[in-house]
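# Fold and contact review
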Amino acid sequence: MGAPPGYRPSAWVHLLHQLPRADFQLRPVPSGFAPQEQEYQQALLLVAALAGLGLGLSLIFIAVYLIRFCCCRPPEPPGSKTPSPGGGCVTWSCIVALLAGCIGIGIGFYGNSETSDGVSQLSSALLHANHTLSAIDHLVLETVERLGEAVRTELTTLEEVLEPRTELVAAARGARRQAEVGAQQLQGLAFWQGVPLSPLQVAEDVSFVEEYRWLAYVLLLLLELLVCLFTLLGLAKQSKWLVIVMTVMSLLVLVLSWGSMGLEAATAVGLSDFCSNPDPYVLNLTQEETGLSSDILSYYFLCNQAVSNPFQQRLTLSQRALANIHSQLLGLEREAVPQFPSAQKPLLSLEETLNVTEGNFHQLVALLHCRGLHKDYGAALRGLCEDALEGLLFLLLFSLLSAGALATALCSLPRAWALFPPSDDYDDTDDDDPFNPQQESKRFVQWQSSI
């Protein structure tokens, strides 16, 4: 099968496509793209479930670590203000983890933008294909209407004018038959007319889903960015309440990060299966949705020398009919006008109609060639299988960095919080309090100086 122009499966597509797959009974599943089969759906759900397993393990690890930290640490002597050993390392490990999370957020913004660009390229290709198909239908309809109007008016008038000459009337009727043959052949060129599948509707649906997907990821990225920044602020200010709130928010974002990781992994695996060999699936799906013949679909999706133009016979017959009409009109103009001057007006009108029809016919020949629609097909595949897949992989990296950073922060924040000074320290007392020991020592020093 001929690949679309400029599209070749990337190394990431080959790598993800070769990953083993299994259903819920852990039986091997072929890596061919078959979303309608239950085993393949189970394989993708199992890929997404691996993220759920990672979330469960990380939560268990965090819980065990925090329980050990809270219940198994040795009691501190009363009144002791000596910081526990390794406290600085704990704080710095939390800071480094949060900075790594900020780097992951930058990667996530880039991946979200790449994915959006790929889907936008897919939508643009669908809109361009819809424009081509609509132009074909419009040209066919306009040309057939012109030929039908010429048969009903000018040719009928011409036959009435030339009625005294039988041979001239036969030539006019021959032009009528050729116009009817040409109109009949041209009607079969509007192959997309009446098809229930609309590329415009597909493009609108894709854009609608992508708009909400993009917004959801932007909100997730901004939420994690705020969590990282406010957590760093809480550590810098040694604010216990802010650190506690950000600990709860970090747990929420951790769950969301693992959830997005599972969705991204399943989507990337399924997309790699599709992109490794997209032609069979697209051909079968389009044939089911449109009811068009496989010859027409193969011609446009494959566009190679092995597939002939299914409209070639109709185009040849239409061109031959138009050429015959043109030669017959020239003969009538040469023979009939000198004898029947009133025949000149319908002949000139017929020649004008024939010129417009020939212009439309040449446009139809160009639009019906497989190059245009096949180029749109290649652009759609490049947007989906290159930019969108690359963006998904960057989003997957973001989710992985985010999950690791937040898990580290959740383990480090309680230990860092324990190092904060108590809120009822003497530094927070009122300087005007007469019972403040610092104020009593200051007054004692001033009294000695005055003596």
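Residues numbered from 1 in each chain as written. Predicted model: local features only at pLDDT ≥ 70, side-chain atom pairs only at ≥ 80, totals over all residues. Heavy atoms only, no water.

What counts is decided by this rule: UniProt positions are given in the numbering used here, feature names are shortened, and annotations may be inferred rather than shown by experiment.
Looking at an unreviewed UniProt entry, one finds the protein chain named Protein tweety homolog, with Macaca mulatta as its source organism. Here the protein chain is described in UniProt, under the heading Sequence similarities (unreviewed entry), as follows: "Belongs to the tweety family." According to its UniProt record, the protein chain has this under Subcellular location (unreviewed entry): "Cell membrane".

## Quick notes on the overall build of the protein chain
Stated formally: For helices the rule is a DSSP run of H or I covering at least 4 residues; for strands it is a run of E covering at least 2, with both sets numbered from the N terminus onward. In this analysis, two residues are considered to be in contact whenever any of their non-hydrogen atoms come within 4.5 Å of each other. Surface accessibility in these figures is a Shrake-Rupley result with a 1.4 Å probe; residues are shielded only by whichever protein chains are displayed.
A tally of helices and strands in the protein chain yields 13 helices and 0 strands. Look at the contacts in the protein chain between residues 6 or more apart in sequence, and 80% of them connect residues 24 or more apart. Of the roughly 24,700 Å² that the protein chain leaves accessible, carbon and sulfur atoms contribute 62%.

## Remarks on the environment of P280
Heads up, the condition is: Each residue gets one of three labels from its accessible area relative to the maximum for its type: buried under 20%, exposed over 50%, partly exposed in between, using a 1.4 Å probe on protein chains only.
Take P280: it is sitting in helix α8 (residues 278–290). For P280, a relative accessible area of 28% translates into the label partly exposed.

## Thoughts on the nonpolar core
Basically, it comes down to this: By convention a nonpolar core is built from buried Ala, Val, Leu, Ile, Met, Phe, Trp, Tyr and Cys residues, the set being connected through side-chain atoms within 4.5 Å.
Judged by nonpolar contacts, the single largest core of 66 residues is most densely connected at L158, L162, L189, F191, Y300, F311 and L368. No other element matches helix α3 (residues 87–152), which puts 9 residues into this core. Dropping the residues within four chain positions of it, L158 is found in contact with A172, L332, A343, P346, L347 and L350.

## A look at the pattern of salt bridges
Pairing of side chains with opposite charge becomes possible as their charged atoms draw close. As a reminder of what qualifies: The rule for a salt bridge is simple: a side-chain nitrogen of Lys or Arg has to be within 4 Å of a carboxyl oxygen of Asp or Glu.
Under the definition given, this model contains 8 salt bridges. A salt bridge links D273 to R21; the nearest nitrogen and oxygen atoms lie 2.7 Å apart. With D273 in helix α7 (residues 240–276) and R21 in the loop between α1 (11–17) and α2 (38–71), the pair connects residues that are 252 residues apart, well separated along the chain. By relative accessible area, which is 2% here, D273 ends up buried. With its nearest N and O atoms 2.9 Å apart, the salt bridge here joins R152 to E149. Taken together, the residues span about one helical turn, with R152 and E149 both in helix α3 at a distance of 3 residues. Using a relative accessible area of 57% as the deciding quantity, one classes R152 as exposed. Here E149 falls in the partly exposed class, since its relative accessible area comes to 39%.

## Quick word on the layout of surface pockets
Where we set the bar: In this analysis the probe radius is 1.4 Å and the grid spacing 1 Å, with only protein atoms considered; a cavity is a set of points the probe fits into but cannot get out of, a pocket is an open set with protein on both sides within 12 Å along at least five of seven lines, and lining residues have an atom within 4 Å of a point. Grid points are joined across faces, edges and corners, and a volume is the space filled by probe spheres set on the points. Under this grouping Gly is polar, as are all residues other than the nonpolar Ala, Val, Leu, Ile, Met, Phe, Trp, Tyr, Cys and Pro and the charged Asp, Glu, Lys and Arg.
Within this model, the largest pocket holds a volume of roughly 1,400 Å³. If you trace the largest pocket, you find 43 residues lining it, with L122, L126, V202, V206 and L384 closest to the centre. The set of elements that each furnish at least two residues to the lining of the largest pocket consists of α3, α6 (199–237), α7, α8, α9 (294–302) and α12 (370–418). At 9 residues, the largest contribution of residues to the lining of the largest pocket is made by α12. A class-by-class count of the residues in the lining of the largest pocket yields 33 nonpolar, 4 polar and 6 charged.

## Topic: the UniProt feature "transmembrane region" (unreviewed entry) in the protein chain
Those residues carrying the UniProt feature "transmembrane region" (unreviewed entry) are residues 43–67, 88–110, 214–235, 242–261 and 392–413 in this numbering. Each end of residues 242–261 is marked by a C-alpha atom, and these two atoms are 28 Å apart; helix forms 100% of the span and strand 0%.

## Quick notes on empty space enclosed by the protein
The tally for this structure, following the rule as stated, stands at 1 cavity of 30 Å³ or more. Of the volumes computed, that of the largest cavity is approximately 80 Å³. Looking at the largest cavity, the residues that line it are L147, A150, L155, A175, A179, I325, L329, L350, T353 and L354. Among the elements that line the lining of the largest cavity, the one with the most residues is helix α11 (residues 344–368), at 3 residues.

## Some details on the packing of aromatic side chains
To keep things clear, this is the line we draw: Between the rings of Phe, Tyr and Trp (Trp by its six-membered ring), a pair exists once the centres lie within 6.5 Å; its type follows the angle of the planes, with under 30 degrees stacked, over 60 edge-to-face, and the other angles tilted.
On inspection of all chains with the given rule, the structure shows 12 aromatic pairs. A centroid spacing of 4.9 Å and a plane angle of 85° characterise the contact between F33 and Y281, whose relative ring orientation is edge-to-face. Of this pair, F33 sits in the loop between α1 and α2 while Y281 sits in helix α8, and the two are 248 residues apart along the sequence. Taken together through their ring pairs, the aromatic side chains of F191, W192, Y299, Y300 and F311 make up a single cluster.

## Here we look at the packing of helix α4 (residues 154–161) against helix α5 (residues 166–187)
The following threshold applies: Lines are fitted to the C-alpha atoms to define the axes, a helix being fitted only along its stretch in contact, and any angle between axes, read from their N-to-C directions, falls within 0 to 180 degrees. An angle below 35 degrees is treated as roughly parallel, one above 145 as roughly antiparallel, one from 65 to 115 as roughly perpendicular, and anything else as oblique.
Running from N to C, α4 and α5 cross one another at 170°; their axes reach a closest spacing of 9 Å. Compared by their axis directions, α4 and α5 come out roughly antiparallel. Touching L155, T156, L158 and E159 of α4 are V169, A172, R173, A175 and R176, all from α5. Residues that form the contact of α4 with α5 fall into these classes: 5 nonpolar, 1 polar and 3 charged.

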